[in-house]
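# Results of the structural survey
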Amino acid sequence: MRLLILGTGNMAGNHASAFQKNPAVEIVAGVDRRPDMLAEFCDKYAIPHRFEDLGEAIAWGEFDAVSNVTPDGAHHPTTLQLLHAGKHVLCEKPLATNLADASEMTALAQEKGVVGMVNLSYRDVAVLQKAAQLVAEGEIGALRHFEASYFQSWLTQPAWGDWRTESQWLWRLSSEHGSKGVLGDVGIHILDFATFAAQSPVSELSCRLKTFDKAEGNRIGDYPLDANDSFTMQAELENGALGTITATRFASGHLNDLRLRLYGDKGGLEVLFERREENLRICRGADLTEGRWQEITAEPVPTVYQRFIDAILGRDTPEPDFAHGARLQAALDMAELSDEKSGRFLKIVL
């Protein structure tokens with residue numbers, strides 16, 4: 001499988017490292033409009049062909065599939081070009097910046113008969129997959145309530161670098177630079193984390209977004225700091241469960257932690273992915289009376305990168321696919337609209 005990597009920023013290294021572990025994949029080209037970054041990236045990963053223009057790469061055409069690691073706002077136009085060329089695409093999340101664009105990408109991938117998947121990387125967490133299996137098997141009964149959170153703290157400490165001076169963080173705080181804030185950046189992850197385990201998409205929601213003052217005039221150089229830093233959401237799922245979904249970049253003490261609690265009429269599940277460590281526990285049956293929880297182990301699962309290649313080769317289903325990415329985008333769009341309407345409950349419309 002000949003693979004091209006589009007975009008050579010920080011996340012592209014994760015893609016390259018993952019694909020180079022797969023003997024079925026040969027990374028044949030990189031594309032980036034920034035020649036210095038392109039050269040450094042391709043040299044590091046021994047990628048033979050380099051293009052500063054996507055059109056030139058498509059005209060060359062000696063590749064089968066693409067990892068699209070461009071900024072959020074570029075996902076839609078670049079992916080459309082690749083789909084029209086008949087290429088399989090693994091697109092970074094979110095699939096697009098609005099539902100209309102995400103739906104167009106979904107429809108074109110289906111029309112062209114190619115694999116289109118979204119890199120929702122927390123699907124790689126084994127305990128999340130195990131939790132989804134337990135819910136599907138009815139181990140906690142009918143789902144009634146859930147709580148999900150994604151906590152980061154890079155606005156309060158420099159563990160990943162200084163956001164005040166480094167563009168890789170600053171752009172995430174500025175809508176003029178394509179950011180949808182914490183909602184678009186990690187909100188899509190925790191939405192997927194919760195709804196995948198719950199085995200049910202969001203049917204309606206209420207959301208409030210908050211942008212905090214972070215610098216004089218809320219601007220640093222060319223970056224207006226206007227993208228949301230925190231959100232809280234109430235959501236009802238199609239299966240009737242009610243719960244909350246939250247995310248923030250101000251969770252002091254949490255570098256990158258996800259938590260999910262699912263409560264049914266026959267038991268409860270708690271899923272933790274904190275400090276890169278996975279934990280899953282369940283309370284059910286005879287343990288309910290005393291509130292005792294039992295730890296559950298989970299076997300490692302294939303990564304999204306592996307499943308993308310396997311889907312192209314016909315060895316796995318293309319999940320999470322573009323259609324799923326569009327459903328998540330519908331929820332993100334409604335969250336923004338709900339905030340504009342002072343947190344009013346809105347139904348998800350596809």
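Let us look at the structure shown here.

## A word on the overall build of the protein
A count of helical and extended segments in the protein gives 10 helices and 17 strands. In terms of overall dimensions, the protein has a C-alpha envelope of 65 × 55 × 35 Å along the principal axes. Out of the 350 residues in the protein, the part that is buried amounts to 52%. Across the protein, the fraction of contacts at a sequence separation of at least 24, relative to all contacts at a separation of at least 6, is 69%. Accessible area of the protein: about 15,500 Å², with a carbon and sulfur share of 47%. Measuring between centres, the 34 positive side-chain charges of the protein sit 3 Å from its 50 negative side-chain charges.

## Let's talk about helix 9 (residues 304-312)
A large share of helix 9 lies buried, amounting to eight of its nine residues. Every buried residue of helix 9 is listed here: Val304, Tyr305, Arg307, Phe308, Ile309, Asp310, Ala311 and Ile312. In this fold, the buried residues of helix 9 make contact with strand 1 (2-6), helix 1 (10-20), strand 4 (65-68), strand 5 (88-92), strand 6 (116-119) and helix 6 (126-136). Phi turns positive, to about 80 degrees, at Gly314, one or two residues after helix 9.

## Description of the sheet that holds strand 12 (residues 242-248)
Pairing in this open sheet of nine strands is mixed, and the strands run 16-15-14-13-7-12-11-8-17 from one edge to the other. With partners counted over all chains shown, the strands left at the sheet margins are strand 16 (294-295) and strand 17 (346-347), one partner each. Note that strand 15 (residues 277-284) and strand 16 share two bridges and pair antiparallel. In the sheet register, Arg281 faces strand 16, and the bridge partner there is Glu295. Set on the sheet, helix 6 makes contact with strand 13 (256-264), strand 14 (267-274) and strand 15; between it and strand 15 the angle comes to about 20 degrees. Against the sheet, helix 10 (residues 322-340) engages strand 8 (202-210), strand 11 (230-237) and strand 17, with an angle of about 50 degrees to strand 8.

## Digging into the sheet that holds strand 2 (residues 26-31)
Read from one edge of the open sheet, six strands run 3-2-1-4-5-6, paired in parallel fashion. Since the sheet does not close on itself, it has two edges, and those belong to strand 3 (49-51) and strand 6, each with one partner. Neighbouring strand axes in the sheet, compared pairwise and without regard to direction, differ in orientation by 20 degrees on average. Here strand 4 runs beside strand 5; their pairing, made up of four bridges, is parallel. Paired with Asn68 across the bridge in strand 5 is Cys91. Contacts between helix 10 and the sheet are confined to strand 5 and strand 6, with strand 6 contributing the most and set at about 50 degrees to the helix.

## Side note on the pairing of strand 5
Taken across its five residues, strand 5 has five buried, putting it largely inside the fold. Taking every second residue as pointing to the same face, both faces of strand 5 are buried, with His88, Leu90 and Glu92 on one and Val89 and Cys91 on the other. Crossover handedness for the path strand 4 to helix 4 (residues 75-84) to strand 5: right-handed. Here four bridges tie strand 5 to strand 6, and the two strands are oriented parallel to one another.

## Points about the state of the cysteines
Taken as a whole and assessed by the stated rule, the structure comprises zero disulfides. In this structure Cys91 is a free cysteine whose sulfur lies 19 Å from that of Cys42, the closest cysteine sulfur available.

Criteria and thresholds
Residues numbered from 1 in each chain as written. Predicted model: local features only at pLDDT ≥ 70, side-chain atom pairs only at ≥ 80, totals over all residues. Heavy atoms only, no water. Helix = DSSP H or I, 4+ residues; strand = E, 2+ residues; numbered from the N terminus. Buried < 20%, exposed > 50% of the residue type's maximum accessible area, 1.4 Å probe, protein only. Contact = heavy atoms within 4.5 Å. Areas by Shrake-Rupley, 256 points an atom, 1.4 Å probe, with all protein chains shown as cover. Lys, Arg positive; Asp, Glu negative; His and termini not counted. Charge placed at Lys NZ, Arg CZ, Asp CG, Glu CD. Pairing = 2+ DSSP bridges. Axes fitted to C-alpha atoms, helices over the stretch in contact; angles between N-to-C directions. Right-handed = clockwise from strand over helix to strand, strands pointing away. Disulfide = S-S within 2.5 Å.

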